[in-house]
Amino acid sequence: MGVGATRIEERLLSSFGFVDVHPVCFEHCRSISGGGVMLLLPFLIECGLLSYRTHYAPRGRGYYDFDSLFILMAFLQLSRIKSFEQTKQLNPGEWGKMIGFDRIPEVKKLRGLVREITDQKRCDSWGADLSAQWIGSQTPEIYYVDGHVQVYHGTLATLGKKHVSRQRLCLPGMMEYWVNTCDGMPFFFVTAEVNERMIEMLEGEIIPRLLELHPVDGQQQALMEENPDHPVFTLVFDREGYSPVFFKRLWDNHRIAVITYRKNVKETWDEALFSEQEIETDLGSANMKLAEQETSLNGCTMREVRKISDEKHQTSIVTTNKILPLTLIAAYMFGRWVQENFFRYMRQEYSLDKIIQYGVEQIDDDFKVVNREYSNITYRIKKEREKLSRRKAQLYNHQRTSPEPQEIQSKPMANWIKKQTELLEEIDKLEGEIENLLAERSGIPYKIAVSQMPPEVRYNKLESESKHLQNMVKMICYRAETAFANRLAPFYSKARDEIRSLVKSIIKQQIDLRPDYQNNTLEVLLYPLANRRSYKAVQRVMDTLNRTETKYPGTHLRLIYKIATF
C-alpha cells in the first residue's frame, strides 16, 4: 500500500474497481511541514485551477479524483517541487493530509493520472477558456510577445536548432511564443512546429487568437469610431518581429499597432532634437533624453522615437501607434524586461522547461520546413563571403603600403607585387566559388515538405499535450502567487525586493488541520512567522480569505484560516 497508507479497505476496493472515486476526507493533524501552501488554495481556485471540469470528463473509478490531482500538482509547483521524482523525498502522509487523503500517489501513479488527463486531448480548449477569462477581466491595450526556447538534450526527438540567447548557442529545442501583459502576467502561449519565425507565428497563431479573445467594449468601440488612429490593441516585441511591410499589413487589415526596435539604423539625429523626459517604470521614475520624428520605411509611415545615452549612443524605436504619448512608447519598449524576468523566474522557480511525459509526435507530412541542403549551402556562401571581405580588406591595406616609385626594381617592390598577386588570385578564386555555390543553391527549393526530408534527419516534435497542461498549471500558480504577494505588498515599503521571499517562507511554514464535519469547517492554523510585521500582514490576508467563505473542493468544508497560538 505504501508508506503512510491508512485507508486500506478503501484502497483495496478501489484497486478491484468495486467503488467509484473515493471522497476527500480530512483528519486532525498537527505540524504538517510545508502546509502554508494551503493559504494559496483560494487564489488558485480564483485563477481557474478547477475550471478544467468544464472541459475534461471526471474520473469514473479509482482512489484519487482529478480535483486532488490538480490541487496536488499546484501545491508541488508552489512548494518548488519541480518534478514528480522529487516527491520521493517528501513525507507522503503529511502531503496526503493536505489534499484529504492518507498519502499522495507515488510517482508511477502520478504519471498515470496525468496520462488519463492528457489522453482526453482537451488542453487547447481549456487554455482558450482560461485566456478568455484572464483577458476579459483586464482588457489590456498592450500585449508583450516574446519567444522562449525549451532546450532539449535528449535523443528521442529530432528537433530543429534555435538560438538560445541566454547561452549564446544554437541548440535543439521547441520554441514557445508567450503573450503577457505589460506587468508580466501571462495570458497564453503557442508552440511552433519546427523553426517558424515570430512573424509567421504572429500572423498564423497569435493575432487570430487575440482578435478572438480580446473584447471590444462599447467605450473602446466609440473611441475607434471617433478617432481613426485609435488601435484595437498594441503589440510590443523585439527585433525578431521587425518588418515594416508586416506592420502596415497589421494596421490595414486588423487595425493593430506595434512597438519595436528599428533594425539597420545608420544615420544619427542631431543632439539638439533630444529633450529630457521623465519616464515612469516599475522601479520608479527615470529621466531619459528622447526625440521623435516621423519616418517612412517600405511604404509604412511610422513614428520613430530615439533615446540617446550618455555615451551618445542612439537607440531607435518605431511604432504605428499614432496616439500613444512619447513617454509611454519609451516606457513600454524599455519595460520589456518584465517578460524576460518572467521567463527567468519561471525557469528558476517553476522549472518551466521540465517535461512530465517523454514521447514524440509526428509532424504533418505536408508541413513545409526550410530545406537543410539550402541552409547548408547558404551557410557556406556566408563563410566564403566573409573570407572574401577579409581578403579585400587585406588588399586595400596592402595597396596603401606600396613602395616608392624609385624602388620599382627593388626587392621590396617584388615582394609587394607578389603579395598583391596572391591576394588577387585568392579573391578571384573566392568569387568563383561563391558564384558556383549560388548556382547550386538556385536549383534547390528553399522549403520542402517534411515527408521529403531524409528519414535519419526528419523532424518530429516532443509530445505537446502534457507540456501544455504543465505550462497551464504553472501559469495558474504564478498568477495565484502574484495575487497573494500583492495582498501582502501594502505592508512592506520594499515589497519588490521582499515580497516573493516572504511568500516562499509562508509556503514552507507548518500548519495544523482541524476539520469539523458537524459545522462543516476546516481550520487551517499557520504556525507563527519570524516577526510581528509579517504576522500582521498574514493576519490581514487571512481575514480577507475567511470572508470569501471558500469551500475545499469536493467537500462542504468551509476554509477558516488562523494563526496558531501555543
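Here goes a summary of the coordinates provided. Here the residue numbers are simple positions, counted from 1 along each chain's written sequence. In view of the model being predicted, local features appear only for residues whose pLDDT reaches at least 70, and side-chain atom pairs are presented and counted only at 80 or more, with totals across whole chains, interfaces and linings using the full set of residues. Calculated side-chain values reflect all of the structure's heavy atoms, with hydrogen atoms and water omitted.

## A closer look at unusual backbone geometry
Trans is the prevailing form of peptide bonds, just as negative phi is the prevailing case for residues other than glycine. Stated formally: Secondary structure elements follow DSSP: runs of H or I of four or more residues count as helices, runs of E of two or more count as strands, with numbering from the N terminus. Relative accessible area decides the class of each residue, using a 1.4 Å probe on protein chains only: under 20% of the type maximum gives buried, over 50% gives exposed, and in between gives partly exposed.
Backbone geometry at Arg-255 places phi at a positive 60°, although glycine is not the residue there. Within the secondary structure, Arg-255 sits in the loop between helix H9 (244-254) and strand E7 (257-261). The class of Arg-255 is partly exposed, set by a relative accessible area of 21%. Not every positive phi belongs to a glycine, and Ser-351 is a case in point at roughly 50°.

## What to know about the packing of helix H6 (residues 123-138) against helix H14 (residues 464-488)
Selection criterion: Working convention: axes come from line fits to C-alpha atoms, limited for helices to the stretch in contact. Angles between N-to-C directions cover 0 to 180 degrees. Put simply, angles under 35 degrees are roughly parallel, angles over 145 are roughly antiparallel, angles from 65 to 115 are roughly perpendicular, and the rest are oblique. By definition, any crossing whose near helix is turned counterclockwise from its far helix by less than a right angle is left-handed, and any crossing with a clockwise turn is right-handed. Residue contacts are counted whenever heavy atoms from the two residues lie within 4.5 Å of one another.
One way to put it is that H6 packs onto H14 with a least axis distance of 10 Å and a crossing angle of 25°. It follows that H6 is roughly parallel to H14 by the angle criterion. Two packed elements cross with a definite hand, and for H6 against H14 that hand is left-handed. Listed contacts from H14 to Cys-123, Asp-124, Trp-126, Gly-127, Leu-130, Trp-134 and Gln-138 of H6 are Glu-465, His-468, Leu-469, Met-472, Met-475, Ile-476 and Arg-479.

## Remarks on the pairing of strand E10 (residues 300-308)
Worth spelling out the cut-off: Strand pairing is assigned whenever DSSP identifies at least 2 bridges connecting the two strands.
E10 sits mainly inside the fold: 7 of its 9 residues count as buried. Here 9 bridges tie strand E9 (residues 284-297) to E10, and the two strands are oriented antiparallel to one another. Following the sheet pairing, Leu-290 is matched in E10 by Lys-307. Linkage of E9 to E10, two consecutive antiparallel strands, is achieved through a turn of 2 residues, within which Asn-298 is found at a positive phi near 50°. As paired strands, E10 and strand E11 (residues 314-319) are joined by 6 bridges and run antiparallel to one another. The partner of Arg-303 across the bridge, within E11, is Thr-319. Linking E10 back to E11 in an antiparallel pair, the connection comprises 5 residues, with Lys-312 at a positive phi of about 70°.

## Looking at the environment of Gly-432
Here Gly-432 lies in helix H13 (residues 411-442). Among the residues examined, Gly-432 registers a relative accessible area of 24% and is labelled partly exposed.

## Brief notes about the side chain of Asn-180
So the rule is basically this: Definition of a polar contact: a pair of N or O atoms within 3.5 Å, with one able to donate and the other able to accept a hydrogen when the atoms are protein atoms, and with sequence-neighbouring residues admitted only if both atoms are side-chain atoms.
One can find Asn-180 in strand E4 (residues 169-180). For Asn-180, a relative accessible area of 0% gives the class buried. Looking at Asn-180, its side chain comes within polar contact range of the main-chain oxygen of Gly-184, at 2.9 Å. In this structure the side chain of Asn-180 is engaged in a polar contact, spanning 2.9 Å, whose partner is the side chain of Gln-339. Beyond its immediate chain neighbours, meaning those up to four positions away, Asn-180 contacts Ile-142, Tyr-143, Tyr-144, Met-185, Pro-186, Phe-187, Gln-339 and Phe-342.

Any functional reading would require information that these geometric values do not contain.
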